[in-house]
Amino acid sequence: MSFLDVKDLKIHFPTDDGLVKSVDGLSFSVERGKTLGIVGESGSGKSVTSLGVLGLHKGGRARVSGEIWLDGEELVGASAEHVRRLRGKKMAMIFQDPLSSMHPFYTVGHQIIEAYRIHNNVSKQVARKHAIDMLGRVGIPEPQRRVDAYPHEFSGGMRQRAMIAMALSCDPELLIADEPTTALDVTVQAQILDLMRDLQREFNSALIIITHDLGVVAELSDDILVMYGGKCVEYGTTEDIFYRPEHPYTWGLLGSMPRLDREPTDRLLPIKGSPPSLINVPPGCAFHPRCPYAEKTGGKDRTEVPVLAETEGGHLVRCHLDRAERRDLWENEIKPALETQ
Ligand SMILES: Nc1ncnc2c1ncn2[C@@H]1O[C@H](COP(=O)(O)OP(=O)(O)O)[C@@H](O)[C@H]1O
Ligand code: SF4
Ligand SMILES: [Mg+2]
């Protein structure tokens, strides 16, 4: 068993318009010291997944089923109170927008100190010293002075660093970062990603990075899960996903990766159409209305949900095309097209 094992996780929301199947049978695992990237366009169920792992849907209207094993303990069936105690101590989250998770009326230092003292029986002075240390560790200059600043006095990049300091102040064994750099400019993005990688090595935590941009997880992740319409469509090592991808949606994501040497609007091969509504997911393969190869499988795409099947050595793909055909398409059409762009 891995440090984190998620098995057949389903998170559905009953609404007036119908049942929203935000996460629909997701399985993955992460070891201590390893990083999993979860990638997919907006609306594919990434944030709902991360909140689910942290137990933040408990008590809400979400219907959650499946299993979440953290260090040998099952959390879907555990009490909200118990999971709340694990948050901060054993697992923590970094959000896209630090302002939404930091209190505007308290200093940054106060918030780190309080978070630390919930789980550690130490004096305010000791906690303050720890907060200053953490702010220094995440690269905030003059931490002795900045500890008394308010969140709005920090730049976006500094706020993100402060939030990382807050999340790491309790030495969590599982850290989930949901679009941690999306709001930042490219240079600051790279700095924050480097910082996360260094800290993860130092703390040996299990890290999940969630993003809509494959480029963000390329260097950081050991494994990558590609998500579409609440389901995993491809799962493999980072090498599998970048060098031998087999799912047409993954090809699309690779083609639409923003590149540093191009204008942000200049995408290689944008995926046509938009992600499905999770109330009315298209029947069969959810990607079929947008897939350039849908015709190749003789109508099956519209009627049968493809299974997530192993193609080789733990590399999983959910597509009706046969393996030889997928590999042929990748080698002879997609890869050359990406290389010449
Ligand atoms: N509390 C909720 N009630 C109903 N639907 C929700 C709720 N939270 C998220 N959703 C829906 O679940 C889907 C996935 O959302 P989300 O996980 O935020 O996507 P992502 O993070 O991949 O952009 C979206 O269609 C969203 O509208
Ligand atoms: S199953 Fe068909 S529609 Fe779905 S990704 Fe594969 S080829 Fe495309
Ligand atoms: Mg999200």
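Residues numbered from 1 in each chain as written. Chains lettered and ligands numbered in written order. Predicted model: local features only at pLDDT ≥ 70, side-chain atom pairs only at ≥ 80, totals over all residues. Heavy atoms only, no water.

## Remarks on the site of ligand 1
Taken together, 13 residues are adjacent to ligand 1, and Ser22, Gly43, Lys46, Val48 and Arg61 come closest. The contact in question runs from an oxygen atom of ligand 1 to an N or O atom on the backbone of glycine 45, over 3.1 Å. Contact between ligand 1 and lysine 46: an oxygen atom at 2.8 Å from a side-chain N or O atom of the residue. When isolated, ligand 1 has an accessible area of 560 Å², and the protein chains bury 66% of it. (Near = heavy atom within 4 Å. Polar contact = N/O pair within 3.5 Å; in protein donor to acceptor, adjacent residues only side chain to side chain. Areas by Shrake-Rupley, 256 points an atom, 1.4 Å probe, with all protein chains shown as cover.)

## Here we look at empty space enclosed by the protein
By the definition in use, this model includes three cavities of 30 Å³ or more. Here the largest cavity defines a volume of roughly 90 Å³. Residue lining of the largest cavity: His247, Pro248, Cys285, Phe287, Cys291, Tyr293, Ala294, Thr297, Asp301, Cys319, His320 and Leu321, and that is the complete set. In the lining of the largest cavity, the residues fall into eight nonpolar, three polar and one charged. In this structure, the second largest cavity spans a volume of roughly 40 Å³. For the second largest cavity, the full set of lining residues is Ile164, Leu168, Leu175, Met196, Leu199, Gln200 and Leu207. When contributions to the lining of the second largest cavity are tallied by element, the ones reaching two or more residues are α7 (156-168) and α8 (186-203). Considering each element in turn, the lining of the second largest cavity owes the most residues, three residues, to α8. (1 Å grid on protein atoms, 1.4 Å probe; cavity = no way out; pocket = protein on both sides within 12 Å on 5 of 7 lines; lining within 4 Å. Points joined across faces, edges and corners; volume = space filled by probe spheres on them. Nonpolar A, V, L, I, M, F, W, Y, C, P; charged D, E, K, R; others polar. Helix = DSSP H or I, 4+ residues; strand = E, 2+ residues; numbered from the N terminus.)

## Notes on the side chain of histidine 315
With respect to the secondary-structure elements, histidine 315 resides in strand β12 (residues 315-317). Among residues more than four places away in sequence, those in contact with histidine 315 are Glu234, Tyr235, Gly236, Asp240, Arg244, Glu246, Ala309 and Glu310. (Contact = heavy atoms within 4.5 Å.)

## Quick notes on the sheet that holds strand β5 (residues 73-74)
In space, the four strands of this open sheet follow the order β2-β1-β4-β5, with antiparallel pairing throughout. Looking at strand neighbours, the two that pair on one side only are β2 (18-30) and β5, the edges of this open sheet. Where strand β4 (residues 63-70) lies against β5, two bridges are found, and the strand directions are antiparallel. From the neighbouring strand, tryptophan 69 faces β5, where its bridge partner is glutamate 74. (Pairing = 2+ DSSP bridges.)

## So, the packing of aromatic side chains
One pass over the structure, following the stated rule, counts four aromatic pairs. Pairing tyrosine 228 with phenylalanine 287 gives two aromatic rings, centres 5.1 Å apart and planes at 80°, and the pair type is edge-to-face. Of this pair, tyrosine 228 sits in strand β9 (residues 223-228) while phenylalanine 287 sits in the loop between α11 (248-255) and α12 (300-303), placing them 59 residues apart in sequence. When the centroid spacing of 5.6 Å and the interplanar angle of 85° are considered together, the rings of tryptophan 251 and tyrosine 293 count as edge-to-face. With tryptophan 251 in helix α11 and tyrosine 293 in the loop between α11 and α12, this residue pair connects regions lying 42 residues apart in the sequence. In terms of burial, tryptophan 251 and tyrosine 293 fall into one category: buried. Among the aromatic residues, ring-to-ring pairing joins Tyr228, Tyr249 and Phe287 into one connected group. Positioned above the aromatic ring of phenylalanine 154, the side-chain terminus of arginine 146 is 5.0 Å from the ring centre. (Phe/Tyr/Trp six-rings, centres within 6.5 Å; stacked < 30°, edge-to-face > 60°. Buried < 20%, exposed > 50% of the residue type's maximum accessible area, 1.4 Å probe, protein only. Lys NZ or Arg CZ within 6 Å of the ring centre and 35° of its normal.)

## Focus: helix α13 (residues 323-340)
Here α13 spans 25 Å end to end across 18 residues, near enough to the 26 Å set by a 1.5 Å rise per residue. At tryptophan 330, α13 is deflected by roughly 40°, the largest bend along its length. Of all the positions in α13, only Arg326, Leu329, Trp330, Ile334 and Leu338 are classed as buried. Buried residues belonging to α13 abut α10 (238-243), α11, β11 (309-312) and β12. (Expected span 1.5 Å × (residues − 1). Bend = angle between axes of the 7 residues up to and from the residue.)

## Some points on the sheet that holds strand β6 (residues 91-94)
The strands that make up a sheet pair up through hydrogen bonds in the backbone, lying either parallel or antiparallel. As summarised here, the arrangement of the eight strands in space is β6-β7-β8-β3-β9-β10-β12-β11, forming an open sheet in which the pairing is mixed. With partners counted over all chains shown, the strands left at the sheet margins are β6 and β11, one partner each. Between one strand axis and the next, the sheet turns by 25° as a mean value, whatever way the strands run. Of the pairings in the sheet, the one linking β9 to strand β10 (residues 231-237) comprises six bridges and is antiparallel in character. Among the inter-strand pairings, leucine 225 is bridged to a residue of β10, identified as tyrosine 235. Contacts from α11 reach β3 (35-39), β9 and β10 within the one sheet, and its direction differs from that of β9 by about 105°. Its contacts with the sheet put α13 on β11 and β12, and the angle it makes with β11 is roughly 55°. (Axes fitted to C-alpha atoms, helices over the stretch in contact; angles between N-to-C directions.)

## Considering the layout of surface pockets
Put simply, the second largest pocket is a space of about 630 Å³. In terms of lining residues, the second largest pocket is bounded by 20 residues, among which Arg87, Gly88, Ala92, Ala115 and Met166 are the most central. For the lining of the second largest pocket, the secondary-structure elements that each account for two or more residues are α2 (80-86), β6, α4 (108-119) and α7. With five residues, the top contributor of residues to the lining of the second largest pocket is α4.

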